[in-house]
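A look at the structure
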Amino acid sequence: MTSLPPVAPLPLWDLLIHLSGGRCQCIGRCGNKHAAGQGRCEHENGGYISKRAAPIRLLVAPKDPFELILPAHQQARLSACDLAAWCPPCHDKARTRAMREHRAALAELHTDDALF
Ligand SMILES: [Zn+2]
Ligand SMILES: [Zn+2]
């Protein structure tokens, strides 16, 4: 990347959206297998989920759904390689799933404790 002028790095959002090709990078973590997009969500920035809804604005959020449940200030410390572009529906569903699994794992931990 020697051709790039030594300017301030692009804002993270622009960078991530560029790297993702402007398309949601969810590969099924939201629970949808995205069969229509060969395993990857087909939602694109500026595209439409339905005719009546506003255009999609992709979100930049942690790639790992378990990091989606981190507090905002911890997410802010992640670097570009730990982030991905998400469409809002995938982001919300992946986050909800991660929270549920996290709670289930905690519950399991406590039942283990009870056994010993
Ligand atoms: Zn998506
Ligand atoms: Zn998805």
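The preceding data block contains the structure.
All figures in this text were calculated on a predicted structure; none of them were measured in a lab.

For the rest of this paragraph, the subject is the overall build of the protein. For the protein, the helix and strand inventory stands at four helices and two strands. Secondary structure elements of the protein occur, N-terminal to C-terminal, as α-β-α-α-β-α. Within the protein, the proportion of its 116 residues that are buried is 22%. Looking at the protein alone, contacts between residues at least 24 apart form 57% of all its contacts between residues at least 6 apart.

What follows concerns the nonpolar core. In this structure, Cys24, Cys26, Leu58, Ala61, Ala85, Trp86 and Cys90 are the most contacted members of the largest nonpolar core, which totals 19 residues. Contributions of two or more residues to this core are made by α1 (12–19), β1 (59–62), β2 (83–86) and α4 (88–115). It is β2 that provides the largest number of residues to this core, a total of four residues. Contacts of Leu58, omitting those with residues within four sequence positions, involve Ile17, Cys24, Asn45, Ala85, Trp86 and Cys87.

Cut-offs applied
Residues numbered from 1 in each chain as written. Chains lettered and ligands numbered in written order. Predicted model: local features only at pLDDT ≥ 70, side-chain atom pairs only at ≥ 80, totals over all residues. Helix = DSSP H or I, 4+ residues; strand = E, 2+ residues; numbered from the N terminus. Buried ≥ 20, exposed ≤ 12 C-beta atoms within 10 Å, placed from the backbone. Contact = placed C-beta atoms within 7 Å. Core = buried A, V, L, I, M, F, W, Y, C linked by C-beta atoms within 7 Å.

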